[in-house]
Structure formats: C-alpha cells, structure tokens
Amino acid sequence: LQHLRSEGLASVHFTGGEPFLYERIAELLAGAQAIGLSTSVLSNGFRVQELAARVPDVLARLAVAQISLDSMRPVIHNRRRGFQEAWNHAVTAIHAFRALSVPVEISCVVTEENAGELAAITRFCDQVGAGLILRPMISQGRGIHHRMSADFTNAFTREVESIREEGFKHFR
C-alpha cells in the first residue's frame, strides 16, 4: 500500500466476502490510515460490535461504512444472507458505526421479494442517519436465477421516484 500511496492512491475500500471475518482487518485498516489513505468498508456487519469495543479509534477513522441490509424483516434478510443472525449483526453494526460518528450507507440488493420494503428501509435510514444505496439484482453469478420482469423494473423505477419525491436526501 505504501508504494501505491506514493503513486497517488488516495483511498482503499475493504470488501469481500466479509472483511471483518479476516482476523487482521483492524491492522490493515490502521496501516492504511497511518499512511494517509482514506478507508472504507462494505460489510454484512459481522464482528463490528466486537471491533468497535476493541479498536474504536481505527473504526472511527473510516470515511464510510457500507452495511448490507436487504430487508427490515429479519427472516427475509437472514434467508438471503444465509445466516440466522445476519439481520441482528447488520443492525447492530449500523448502530455501532453511528455511535462512533462514522457515516453509514445501507446497501440494499433489491429483487421482487423486497421491492415493496423500500419505503420502510428508507424510513429506517432516516431514523439512524444513514444513506441508502439500492442495488437491483443483476442476473449474473449467484443471481442468475433471479430474472427481473418488466413489471418489477417499472415498479422499482416508480418506487425510487416516490422516495426521491418524499425528500430522502441520502439516496443513490
């Protein structure tokens, strides 16, 4: 990273898999921060509460934490993420990062299954002071069997327009 920094690298975004499953993630973040790189993460929220207690200074220096949250219904989010406590980890991580004054963006993969929840997710973002990134499912890789109908695409577009009209400011 030091060589890349000297070549002009300004930031590094840690993602995965799940970056917080790597035992030395705090060391990587601290090292990048020590040489002047802006750091950010995209996470499911695993281990964030533990790390916030152990290395709050490292996490507090993140430029942004993106947390995956696909549903306000734990059963839906847990099933999609393949882990019974995924929703709890995500929500706990959002609150832990906000307690450290780290800007949070909620990353939501949208399919026909959860498209009707966008207003609820937006309200949650407003409540916790988080931005929202909507990522429509792309029919590639593990998503190959999730073909989006024209009806879904039209409904998604209308829902996004409605959210914008309501004045939600932190929306991409």
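Bear in mind that the values here come from a model prediction, so they are computed numbers and not experimental data.

**Q** Quick question: what am I supposed to make of the pairing of strand 4 (residues 104–110) here?
**A** For a regular strand, side chains alternate in direction, first toward one face of the sheet and then toward the other. Among the 7 residues of strand 4, 6 are classified as buried, and the element is accordingly described as predominantly covered. Relative to strand 4, strand 3 (residues 64–68) is paired through 4 bridges, and the arrangement is parallel. Among the inter-strand pairings, Ala65 is bridged to a residue of strand 4, identified as Val104. Judged from the 6 bridges that link them, strand 4 and strand 5 (residues 131–136) form a sheet pairing that is parallel. In the strand pairing of strand 5, Ser107 is matched with Ile133. Crossover handedness for the path strand 4 to helix 7 (residues 118–128) to strand 5: right-handed.

**Q** Is there a simple way to explain the nonpolar core in this structure?
**A** One broad trend across soluble globular proteins is that nonpolar side chains are buried collectively. Ranked by internal contacts, the top residues of the largest apolar core, which has 45 residues, are Phe20, Leu29, Phe97 and Ile106. A per-element tally of this core places helix 6 (residues 86–99) first, with 7 residues.

**Q** When you look at the environment of Ser40 in this model, what are you seeing that I'm missing?
**A** Residue placement: Ser40 occurs in strand 2 (residues 38–43). Discounting chain neighbours no more than four positions away, the residues touching Ser40 are Val12, His13, Phe14, Leu62 and Val64. At 2.6 Å, the side chain of Ser40 and the side chain of His13 are in polar contact.

**Q** Any chance you could explain the environment of Ala150 here in plain terms?
**A** Tracing the backbone shows Ala150 in helix 8 (residues 150–165). Remark: the alpha-carbon pair of Ala150 and Phe46, spanning 104 residues in sequence, is separated by 35 Å.

**Q** I tried to follow the environment of Gly167 on my own but got confused; where do I start?
**A** Turning to its location among the elements, Gly167 is positioned in the segment after helix 8. Judged by its relative accessible area of 37%, Gly167 falls in the partly exposed class. Considered as a pair, Gly167 and Ser43 are 124 residues apart in the sequence and their alpha carbons are 27 Å apart.

**Q** I'm lost on the pairing of strand 2 in this one. Help?
**A** In this sheet, strand 2 lies alongside strand 1 (residues 11–14) in parallel orientation, the contact comprising 4 bridges. By the bridge assignment for strand 2, Ser11 is matched with Ser38. Tracing the backbone out of strand 1, into helix 2 (residues 25–34) and back to the parallel element strand 2 gives a crossover that is right-handed. Where strand 2 lies against strand 3, 4 bridges are found, and the strand directions are parallel. Counterpart to Ser43 in the pairing with strand 3 is Ile67.

**Q** Please clarify how unusual backbone geometry should be interpreted in this entry.
**A** Most peptide bonds adopt trans geometry, and most residues besides glycine take a negative phi value. Gly16 connects to Gly17 through a cis peptide bond whose omega is 10°. Positioned with a positive phi, Arg47 is a non-glycine residue whose angle comes to about 70°. Position of Arg47 among the secondary structure elements: in the loop between strand 2 and helix 3 (48–54). Relative accessible area serves as the criterion here: at 15%, Arg47 is assigned to the buried category. With a phi angle near 65°, Ser101 is a residue other than glycine that sits in the positive phi range. Mapped onto the elements, Ser101 comes out in the loop between helix 6 and strand 4. With relative accessibility at 59%, the residue Ser101 sits in the exposed group.

Conventions and cut-offs
Residues numbered from 1 in each chain as written. Predicted model: local features only at pLDDT ≥ 70, side-chain atom pairs only at ≥ 80, totals over all residues. Heavy atoms only, no water. Buried < 20%, exposed > 50% of the residue type's maximum accessible area, 1.4 Å probe, protein only. Helix = DSSP H or I, 4+ residues; strand = E, 2+ residues; numbered from the N terminus. Pairing = 2+ DSSP bridges. Right-handed = clockwise from strand over helix to strand, strands pointing away. Core = buried A, V, L, I, M, F, W, Y, C linked by side-chain atoms within 4.5 Å. Contact = heavy atoms within 4.5 Å. Polar contact = N/O pair within 3.5 Å; in protein donor to acceptor, adjacent residues only side chain to side chain.

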